Structure formats: structure tokens, C-alpha cells
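Given next are the chains, with one letter for each unit.
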Amino acid sequence: MIRFSRSVNAMQSSAVRELMKVASDPDVISFAGGMPNPDLFPVGELDEIYASLSLKDKQNGFQYGPTPGYPPLLESLREYLRAKGLPVDRNDLIVTAGSLQAINLTAKVFVDAGDSIVTETPCFVGAISVFKFYQAELRGVPINEGGVLIPELDKALNGVHPTPKILYLTPYFHNPAGIVYGPERQRQVLNLLHHRGDVVLIEDDAYGELYFEERDRPVPMKAMADDSVPVCYTGSFSKIFGPGMRLGWLLAPRDVVRKCELAKQGVDACSSTFTQVLADAFLRRGMLSGYLKRLREAYARRAKRMLDSLEAHMPKSVKWTVPRGGFYIWVQLPSVMDASELLEKSVRRGTVFVVGKAFDPQGKKNDCLRLSFSHTPEDKIDEGIRKIAEAVREKRQ
Ligand SMILES: Cc1ncc(COP(=O)(O)O)c(C=O)c1O
């Protein structure tokens, strides 16, 4: 009999991945995947960039590159991160295959089986599966619309043995909750970590560029913290250029990045040089800021459309967050209602979403669900929400 490892035997396919199969049916209105809108990808710009590259740059793109990243991209990425106020000169940078790989490498270099990790509840499902793969014990801390609850976080970090090794947060346009941390909450989190050094903060900033209003542009905690707090800041081109580029990064203390580089050597040797060459040219030619403006307007419009539909169709007992950026709205059902049963009824009506328990580190809390407004054809949003509202009403009778 073949014998799988303990880590893989502990894994289950994520509810989100499973749902993608139903969601790809063209007749189904899907609010399930956290996918960017394909009509917004910078296809024309990248066509132009590729056509204008020198033969040497094109050849570089097909070649293996250094493990930390294609040097010109590392340079332009440092500029980009410096402009956000991030301490690029006191830290190291590594380009990864999406930011999920940055989270994975960080977990790989810190976590032994049985170590404990504190996350938000709800939490990005990809990070949950990474942490479970390394057999970490997860402690979820609830959040409200301003971020993680500080007294509960204090208890999770200080009141329990063993002391957690990692605190993982998604403070900006949270997946799935759609919320954003304000500066006061950011400072309170940093105060809890200040001068202790034994807890690494993974600050996941996959959506930070997608704020709808300038006043909500996030300043990362990595930019606010002093060096007594080891912050591993992860970012990504996935939600802007497209996940097919598979480009993310980790900005972290030098010794952490060195270990991640060692780990990455045995995973994929280097991230795609081809897409790194394209991303580098995009940044160097100053194409990012105009493009981001287009994205922000498009996603803000879609969010409004979904919020208007929720307002028009949902019963008063159903509540939801009002996002100020990103892709998601988090819906709170009446506590007696189970999102999986609601999903079954919604699927019968031809619409899908992701049930709340997929994002619960304990896999239980299921009186909530995630709606993604990023990908659904805009003229289908209202119809899809109306169908879910009908399913809610049917349930309540
Ligand atoms: C919060 C969050 N972090 C990280 C990722 C990983 O994205 P990627 O690996 O494509 O950069 C995602 C993707 O959905 C996400 O929602």
C-alpha cells in the first residue's frame, strides 16, 4: 500500500476549489471565486511591451533566473515599495510565485508540527490550508469592521501556551470580510508585538492597491513598525496584472528572507522569469498608476452595484459589510441559518457563493458567506443577488 505523508493526509480539498467546478458552468451566476475581472487585464499593454523588448530581454525571459528574483524587477519593485513608505533598505526582498508562495515559504521556515499560529476569524482560506499543511494549531481571533479585536488578540498572543510563532493578518480589504484596518487598530496590533520579537507578523497585502477612495489608501504596518517587530510583508501582482502572472513578493528581515530563499531553491528554483520581465517593463515605463486608476473605478462600481442589489432584495435580518476596496462583501445571516443549506437552494436557482465555514480556521462557523463582486458579469449581479435573497426567504418559511 502506498503511504502518504501525515501533512497531506491532514488536508482536504478547499470548498472554494470545489465550488470553482460548479462556478465554471456558463449558466451559473457565480459570486464564488476571488478572481479579477478578465476584461480588466492589461492585455494590450503587455502585447506592446513584449513586442518592444530587445532580443536579449526576451531570451532572459525564457531562461532560469536567480532564486530571489530577476534583478531588474527586484530593483523596480524596491522603488515601488519604497514609494509606499516601506523600509526596503533595512529588509530584503524575494519575488515569489504569487503571494501564496510567500506565505507558504514563511510558514515553511518557521512552523514545526504542533506550533501555534494566530489568524483572524474569518481568514483567507489559502493561508489556512498552508498552515494546516505544516500541521500548525490555528487560533482564530474575531474581527469587526475595524479589524481584529484587540483584547481577544492580546489573550491569543499572551494567555495561552505554547506562545504562537506567527500572527497572520490581512488588514487591507480583507478576504473574505472586505474590511480595512484603520491606523489606530494597526498601532494597537503593533503595540502588542512591540519589543518581544518572538512572534512574527505576516502582513498579507494582496489587495491594498484596490482602494475605492484615495482616503482609504492603506499605509502598511510594515511601514509603521520599528525593527523590534519582525514583519513579513507579502504582496502580489495577482489582483492587478492577473493571477496567471504568478508573481508576488516577500519583504522581510534579512535572515528571514535568506531562509525563504533556501526553501524556495528546493521548491521551484525561481519564479517565472518571463512574467518578471514583463512586470519589470510595466513598472519602469510608468504604466501602473493609470492602470490602477481604471481598476479602482471598475471595482468600486461593481461593489456599489452589489450593495444596491443587497439593499433592494435581502430581508432586514441579513447584514453585510460595506467594502472600501478589494473584491468582497461578507454577509451575516440570521444565526439559525446555515450557509451550506442556503447554498444548495441557491445552486438550484443557478447562483453560487462561498460558505462561511471555508474561512473559519476551525471549519465550523457557517451562519455567514462571502460574495465576490469582482468577476461576475456586471449585468448579472442584480439577478444573482435576487436569487440568493429568494433562497433566504424560502429557508425562513
Ligand atoms: C488575502 C489573499 N492573500 C493572498 C492571496 C494569494 O494570491 P496570489 O498567490 O495569487 O498572489 C490571495 C488570493 O486570493 C488572497 O485573497
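Note that this is a predicted model, so its numbers are computed, not measured.

(A) Broad picture of the sheet that holds strand β9 (residues 248–252). Across the sheet, eight strands lie side by side as β2-β9-β8-β7-β6-β3-β4-β5; this open sheet has mixed pairing. Taken across any chain shown, the strands that pair with only one partner, and hence form the sheet edges, are β2 (92–96) and β5 (147–148). With two bridges connecting them, strand β4 (residues 137–144) and β5 associate as antiparallel partners. Bridging from a neighbouring strand, Asn144 pairs with Gly147 of β5. In the packing of helix α11 (residues 254–265) onto the sheet, contacts are made with β2, β8 (231–236) and β9, and the angle to β2 comes to roughly 30°.

(B) Region of interest: the pattern of salt bridges. This model, assessed by the stated rule, comprises 26 salt bridges. Between Arg284 and Glu75 there is a salt bridge whose closest N-O contact spans 3.6 Å. Placement of Arg284 in helix α12 (residues 273–284) and of Glu75 in helix α5 (residues 71–82) is noted, with a sequence separation of 209 residues between them. The class for Arg284 is partly exposed, based on a relative accessible area of 45%. Each of Arg349, Arg386, Glu390 and Glu394 takes part in salt bridges that share partners, so that together they form one network.

(C) Representation of the packing of aromatic side chains in the model. According to the stated counting rule, one finds 16 aromatic pairs in the structure shown. Here the aromatic rings of Phe237 and Phe241 are separated by 4.8 Å at their centres, their planes lie at 45°, and the arrangement is tilted. In terms of burial, Phe237 and Phe241 fall into one category: buried. The interplanar angle of 80° and the centroid separation of 5.8 Å between the aromatic rings of Trp330 and Phe359 together place this pair among those described as edge-to-face. In this pair, Trp330 is assigned in strand β11 (residues 328–332) and Phe359 in the loop between β13 (354–355) and β14 (368–372), connecting sequence segments 29 residues apart. In this pair, the class of Trp330 matches that of Phe359, namely buried. A network of ring pairs unites the aromatic residues Tyr80, Phe237, Phe241, Trp249, Phe282 and Tyr291 as a single cluster. One residue, Lys58, lies across the ring of Tyr50, its end atom 4.6 Å from the ring centre.

(D) Representation of a nonpolar patch on the surface. A surface patch of nonpolar side chains, amounting to about 410 Å² of accessible area, comprises Ile2, Phe4, Val8 and Phe133. Mapped onto the secondary structure, Phe133 falls in helix α7 (residues 125–133). Residue classification places Phe133 among the partly exposed residues on the basis of a relative accessible area of 33%.

(E) Local environment of the pairing of strand β7 (residues 200–204). Among the five residues in β7, five count as buried, and that is most of the element. Side-chain alternation along β7 places Val200, Ile202 and Asp204 on one buried face and Leu201 and Glu203 on a second face that is also buried. Where strand β6 (residues 166–169) meets β7, four bridges bridge the pair, whose relative direction is parallel. In the strand pairing of β7, Tyr168 is matched with Ile202. As paired elements, β7 and β8 share four bridges and run parallel to each other.

(F) View of the side chain of Asn37. Examined against the element boundaries, Asn37 turns out to sit in the loop between β1 (29–30) and α3 (43–52). According to the relative accessible area criterion, Asn37 is buried, its value standing at 5%. Excluding anything up to four places from it in sequence, Asn37 contacts Tyr299, Arg302, Ser374, His375 and Thr376.

(G) Quick peek at the packing of helix α4 (residues 55–62) against α12. For the pair α4 and α12, interaxial distance at closest approach is 6 Å and the crossing angle is 140°. One element, α4, and the other, α12, form an angle in the oblique class. α12 is crossed by α4, and the crossing has right-handed handedness. Seen from α4, the contacting residues are Asp57, Asn60, Gly61 and Phe62; seen from α12, they are Thr273, Phe274 and Val277. Taken together, the residues of the contact of α4 with α12 break down into three nonpolar, three polar and one charged.

(H) Examining the pairing of β14 more closely. With five of five residues buried, β14 is to be regarded as a mostly interior element. Taking every second residue as pointing to the same face, both faces of β14 are buried, with Cys368, Arg370 and Ser372 on one and Leu369 and Leu371 on the other. Here five bridges tie β11 to β14, and the two strands are oriented antiparallel to one another. Residue Gln332 lies in a different strand from β14, and its bridge partner there is Cys368. The sheet contact formed by β13 and β14 spans two bridges and is antiparallel. Paired with Val354 across the two strands is Arg370, which belongs to β14.

(I) Broad picture of the site of the ligand. Of all residues adjacent to the ligand, which total 13 residues, the nearest are Ser99, Asp204, Tyr207, Ser236 and Ser238. Between the ligand and Leu100 there is a distance of 2.9 Å, counted from an oxygen atom to a backbone nitrogen or oxygen. In the environment of the ligand, an oxygen atom lies 2.8 Å from a nitrogen or oxygen atom belonging to the side chain of Arg246. When the ligand sits alone it has 400 Å² of accessible area, and the protein chains cover 92% of it. Taken together, the residues of the shell around the ligand break down into four nonpolar, six polar and three charged.

Reading the values: rules and limits
Residues numbered from 1 in each chain as written. Predicted model: local features only at pLDDT ≥ 70, side-chain atom pairs only at ≥ 80, totals over all residues. Heavy atoms only, no water. Pairing = 2+ DSSP bridges. Helix = DSSP H or I, 4+ residues; strand = E, 2+ residues; numbered from the N terminus. Contact = heavy atoms within 4.5 Å. Axes fitted to C-alpha atoms, helices over the stretch in contact; angles between N-to-C directions. Salt bridge = Lys/Arg side-chain N within 4 Å of Asp/Glu carboxyl O. Buried < 20%, exposed > 50% of the residue type's maximum accessible area, 1.4 Å probe, protein only. Phe/Tyr/Trp six-rings, centres within 6.5 Å; stacked < 30°, edge-to-face > 60°. Lys NZ or Arg CZ within 6 Å of the ring centre and 35° of its normal. Patch = residues over 30% accessible without salt bridge, like charges linked within 9 Å, V, L, I, M, F, W, Y side chains within 5 Å. Areas by Shrake-Rupley, 256 points an atom, 1.4 Å probe, with all protein chains shown as cover. Parallel < 35°, antiparallel > 145°, perpendicular 65-115°, else oblique. Left-handed = near helix turned anticlockwise from the far one by under 90°. Nonpolar A, V, L, I, M, F, W, Y, C, P; charged D, E, K, R; others polar. Near = heavy atom within 4 Å. Polar contact = N/O pair within 3.5 Å; in protein donor to acceptor, adjacent residues only side chain to side chain.

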